[in-house]
Amino acid sequence: MSDFDRMSDFDRALRSLRVWDTDLPVFDPGAAPAEPLPLFRDWFVSAAGAGQVEPHTMSLATVDEDARPDVRTVMLHGADERGWHFASHATSAKGRQLAARPEAALGFYWPRQGRQVRVRGRVSASPRDEAYADLHARTTGALASALVGRQSEVLESLEELRRVSEAAWRRAEAEPGAHAESWTLYVMEPAEVEFFQGDERRRHVRLRYRREAGGWITELLWP
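Residues numbered from 1 in each chain as written. Predicted model: local features only at pLDDT ≥ 70, side-chain atom pairs only at ≥ 80, totals over all residues. Heavy atoms only, no water.

Undergrad: Hey, could you run me through the pattern of salt bridges in this one?
TA: If the charged atoms of two oppositely charged side chains come close together, the side chains can form a pair. This structure, assessed with the given rule, holds 17 salt bridges. The salt bridge involving Arg171 is made with Glu175; its shortest N-O contact spans 3.6 Å. Owing to a relative accessible area of 37%, Arg171 belongs among the partly exposed residues under this scheme. Given the relative accessible area of 40%, Glu175 is considered partly exposed. A network of salt bridges, in which partner residues are shared, links Arg208, Arg210, Glu212 and Glu219. (Salt bridge = Lys/Arg side-chain N within 4 Å of Asp/Glu carboxyl O. Buried < 20%, exposed > 50% of the residue type's maximum accessible area, 1.4 Å probe, protein only.)

Structure representation (structure tokens):
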């Protein structure tokens with residue numbers, strides 16, 4: 001029996017996978033703009049155009065009260081001159097962590113083009129009216145979920161989830177302008193933004209932007 005035959009289904013599946021089984025774009029860092037935002041927007045549009053599934057999802061890393069890292073997947077709500085925007089409940093685990101330690105990191109991965117974008121910076125809460133405008137621009141289901149407002153709390157049963165969610169859905173349909181008091185729109189002001197372009201021969205191109213007093217500086221990193 002070969003070593004491959006002795007592997008578990010998990011190991012066989014893991015060993016059989018390839019990375020970037022597609023034609024990858026070429027990235028010339030010498031032609032990159034002076035600031036990261038235009039490049040991020042360009043890469044985002046390119047990822048969406050290449051058929052990348054959910055290019056607006058990203059990993060959000062925070063730190064808890066014991067200095068332990070925490071990470072989850074959230075949705076990008078915007079990217080402009082103020083920074084990268086996302087939303088959650090102020091009472092959720094990430095909301096409490098950001099209130100205590102308002103530094104975080106974001107990670108985007110777009111495998112259709114072998115690209116990653118990493119963002120690090122300070123996070124602040126946007127004004128309440130912006131949070132409500134963001135919430136009411138979303139779907140009925142998103143509003144209903146926000147109205148439940150018990151994210152990260154212990155759930156006693158799936159039946160309780162069904163009952164509370166159905167009541168919230170009915171309210172969202174009847175009151176599309178309803179407010180979820182804990183709903184918060186966050187903005188990360190970037191201090192560092194890294195763009196990673198994968199290469200099938202592993203000569204990956206990494207371009208990092210770092211903010212200094214005089215503006216942004218760029219530097220290449222070894223893969």
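Undergrad: What am I meant to see in the packing of helix 6 (residues 140-148) against helix 7 (residues 158-174) here?
TA: Axis angle and axis distance: for two packed helices, these are the angle between their axes and the distance between the axes, and together they describe the pair. Between helix 6 and helix 7, the shortest axis-to-axis distance is 8 Å and the interhelical angle comes to 125°. On the basis of the axis angle, helix 6 is oblique to helix 7. Crossing geometry of helix 6 relative to helix 7 is assigned as right-handed. Between helix 6 and helix 7, the residues in contact are Thr140, Gly141, Leu143, Ala144, Leu147 and Val148 and Val164, Ser165, Ala168, Trp169, Arg171, Ala172 and Glu173, respectively. Residue composition of the contact of helix 6 with helix 7, by class: eight nonpolar, three polar and two charged. (Axes fitted to C-alpha atoms, helices over the stretch in contact; angles between N-to-C directions. Helix = DSSP H or I, 4+ residues; strand = E, 2+ residues; numbered from the N terminus. Parallel < 35°, antiparallel > 145°, perpendicular 65-115°, else oblique. Left-handed = near helix turned anticlockwise from the far one by under 90°. Contact = heavy atoms within 4.5 Å. Nonpolar A, V, L, I, M, F, W, Y, C, P; charged D, E, K, R; others polar.)

Undergrad: What is the right way to look at the environment of Tyr186 in this model?
TA: Note that Tyr186 resides in strand 7 (residues 183-197). Assessed through its relative accessible area of 6%, Tyr186 is described here as buried. When the C-alpha atoms of Tyr186 and Leu158 are compared, they prove to be 30 Å apart, with 28 residues separating the residues in sequence.

Undergrad: Even after reading the chapter, I still don't get the nonpolar core, so can you show me in this structure?
TA: Soluble globular proteins: nonpolar side chains tend toward being buried together. By size, the foremost hydrophobic cluster in this structure holds 28 residues, and its most contacted members are Phe40, Trp84, Phe86, Leu106, Phe108, Val117 and Phe195. Elements that contribute at least two residues to this core include exactly helix 3 (36-49), strand 1 (57-63), strand 4 (83-89), strand 5 (103-110), strand 6 (115-125), strand 7 and strand 8 (205-212). A total of five residues in this core trace back to one element, the largest contributor, which is helix 3. For Phe40, the residues in contact, after removing those within four places along its chain, are Leu76, Ala79, Trp84, Phe108, Trp110, Val117 and Phe195. Ranked by size, the runner-up nonpolar core spans 13 residues in total, among them Ala146, Leu147, Ala168 and Ala172. (Core = buried A, V, L, I, M, F, W, Y, C linked by side-chain atoms within 4.5 Å.)

Undergrad: Any chance you could explain the packing of aromatic side chains here in plain terms?
TA: Geometry of an aromatic ring pair is reported as the spacing of the ring centres plus the angle between the planes. What the rule picks out here adds up to twelve aromatic pairs. Taking 6.2 Å as the distance between ring centres and 35° as the angle between the ring planes, the aromatic pair formed by Phe40 and Phe44 counts as tilted. Linking Phe40 with Phe44, this pair stays in helix 3, spanning four residues, or about one helical turn. With a relative accessible area of 2%, Phe40 lands in the buried category. (Phe/Tyr/Trp six-rings, centres within 6.5 Å; stacked < 30°, edge-to-face > 60°.)

Undergrad: Just to check I follow, could you spell out a nonpolar patch on the surface for this structure?
TA: A surface patch of nonpolar side chains, amounting to about 360 Å² of accessible area, comprises Phe10, Leu14 and Leu17. Tracing the sequence through the fold places Phe10 in helix 2 (residues 9-16). For Phe10, a relative accessible area of 60% gives the class exposed. (Patch = residues over 30% accessible without salt bridge, like charges linked within 9 Å, V, L, I, M, F, W, Y side chains within 5 Å. Areas by Shrake-Rupley, 256 points an atom, 1.4 Å probe, with all protein chains shown as cover.)

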